Amino acid sequence: MANHLIPSMALLAALPSLPALAAEIPVPQVVLAIHGGTGDAKKEMTPELEKVLRADMERALKAGYESLQKGGSGLDAVEAAIRVLEDSPNFNAGKGAVFTHEGRNELDASIMEGKTLRAGAVAGVTVVKNPISAARAVMEKSKHVLLMGRGAEVFATKAGLEIVDPAYFWTERRWKDIQKVWKREAKPHDNKDPQAEVEAAPPHSWGTVGAVALDHDGNLAAGTSTGGMTNKMFGRVGDSPIIGAGTYADNGACAVSCTGHGEYFIRFAVAHDIASLVKYKGLNVAQAADEVVQKKLKPIEGEGGVIVLDAKGNYAASFNSEGLYRGYVTRDGKTHVALYEQ
Ligand code: ASP
């Protein structure tokens, strides 16, 4: 459910007889929020990993905040924050992207501007170092919204973006993940050794990154970047580059970035649904986020989470997964980062 309850409300919400969801309030005065996906299983978290994740998220918040402080737009802040996370090997985006079934890295990203409803996205790119910048270039330098595969890569090259060898995206951690899956798939599933089955279970690595920002002119922006899901089929595209599914921004509603099981987020048009609840039903960002994540997605096991920010700086995060790596920075520059706690 949406996090950041004030303590007394949290206590009330814990009482079974009270409607927990109604007690939620958004965090005010937020200018930038980020997420780093639903993350690793809590039992696998180590103090060392937690430290580097938190440090990366702090750096991303700082990069975005500094951009806003310099008068940058919401788009600038979203791009700056996401690029930091893409360059880290610790998230499933850019450098740390997961592997497809064939052992490749295919990256997706999107960005949207709340004032104009302009948007850009790329899908299935394999050589673009920072897909979020390619998404922005599609928005600003082409007459299209979504470019995929080779076309997106040629476009990104012509736009002057940094191109890398596909091997750049190889990381030991993600390689081990896909090998685990391959091993599991090679074995007959006879259920004779349930423990071995559990140990070899496909890793839970939904570590997409995203950001939402509110700039000095009161304009919202949202962006999302991912390697998709471990073991995805060649050519599979998730929600992250789909405007209205993984990303949405409308000054008259809110900015949303999602992470989770993309197929559900596409089918439920999650980002746009949240924005519509704010715009047409007058829900606050916490209520709208919970309505979709807890009431619609959770019952059908559509696992994941969202971060949402409106044009007044009201922020909420909601997740039905074990965790949601996330953080935000308020107008006065104070940062907050959380991994699993609601
Ligand atoms: N939503 C992403 C996808 O389905 C994965 C994630 O968020 O981790 O591609």
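Everything below is about the structure shown above.
Rules and cut-offs
Residues numbered from 1 in each chain as written. Predicted model: local features only at pLDDT ≥ 70, side-chain atom pairs only at ≥ 80, totals over all residues. Heavy atoms only, no water. Buried < 20%, exposed > 50% of the residue type's maximum accessible area, 1.4 Å probe, protein only. Helix = DSSP H or I, 4+ residues; strand = E, 2+ residues; numbered from the N terminus. Pairing = 2+ DSSP bridges. Lys, Arg positive; Asp, Glu negative; His and termini not counted. Salt bridge = Lys/Arg side-chain N within 4 Å of Asp/Glu carboxyl O. Near = heavy atom within 4 Å. Polar contact = N/O pair within 3.5 Å; in protein donor to acceptor, adjacent residues only side chain to side chain. Areas by Shrake-Rupley, 256 points an atom, 1.4 Å probe, with all protein chains shown as cover. Nonpolar A, V, L, I, M, F, W, Y, C, P; charged D, E, K, R; others polar. Axes fitted to C-alpha atoms, helices over the stretch in contact; angles between N-to-C directions. Contact = heavy atoms within 4.5 Å. Expected span 1.5 Å × (residues − 1).

A. The arrangement of the pairing of strand 9 (residues 304-309) in detail. Burial runs high along strand 9: 6 of the 6 residues are buried. Examined bridge by bridge, strand 8 (residues 255-260) and strand 9 share 6 bridges and lie antiparallel to one another. The partner of Gly-260 across the bridge, within strand 9, is Gly-304. Taken together, the 5 bridges between strand 9 and strand 10 (residues 315-319) define a ladder with antiparallel strand orientation. Bridge pairing in strand 10 places Val-308 opposite Ala-316. Connecting strand 9 to the next strand, strand 10, in antiparallel fashion are 5 residues, including Gly-313 with a positive phi near 90 degrees.

B. Structural detail: the side chain of Lys-95. Along the polypeptide, Lys-95 turns up in the loop between helix 3 (74-87) and strand 2 (107-113). Despite its burial, Lys-95 pairs with no opposite charge, the nearest such side chain being Asp-87 at 9.7 Å.

C. Structural detail: the site of the ligand. The immediate surroundings of the ligand are formed by 13 residues, with Thr-208, Arg-236, Asp-239, Thr-259 and Gly-260 found nearest. Here Arg-236 contributes a side-chain N or O atom positioned 2.7 Å from an oxygen atom of the ligand. In isolation the ligand offers 270 Å² of accessible surface; the protein chains occlude 100% of this area. Class assignment for the residues of the shell around the ligand results in 2 nonpolar, 9 polar and 2 charged.

D. View of the sheet that holds strand 6 (residues 220-226). Sheet architecture is open: 8 strands sit in the order 4-3-2-6-5-1-11-12, paired in mixed fashion. A single partner strand is all that each edge strand has here, and the edge strands are strand 4 (146-148) and strand 12 (335-338). Strand-to-strand, the axes of this sheet are offset by a mean angle of 10 degrees, without reference to chain direction. Where strand 5 (residues 209-214) meets strand 6, 6 bridges bridge the pair, whose relative direction is antiparallel. Note on strand 6: the bridge partner recorded for Val-212 is Ala-222. Against the sheet, helix 2 (residues 47-69) engages strand 1 (30-35), strand 5, strand 11 (326-330) and strand 12, with an angle of about 145 degrees to strand 1. The strands touched by helix 4 (residues 131-141) within the sheet are strand 2, strand 3 (119-125), strand 4 and strand 6, with strand 3 carrying the most contacts at an inclination of about 130 degrees.

E. View of helix 9 (residues 270-281). In this model, helix 9 (12 residues) spans 15 Å end to end at C-alpha, consistent with the 16 Å of a helix rising 1.5 Å per residue. Here helix 9 has its buried residues at Val-270, Ala-271, Asp-273, Ile-274, Ala-275, Ser-276, Leu-277 and Val-278. Summarising the contacts, the buried residues of helix 9 are in contact with strand 7 (247-249), strand 8, helix 8 (262-267), helix 10 (285-297) and strand 9. One or two residues past the end of helix 9 sits Gly-282, with phi positive at roughly 70 degrees.

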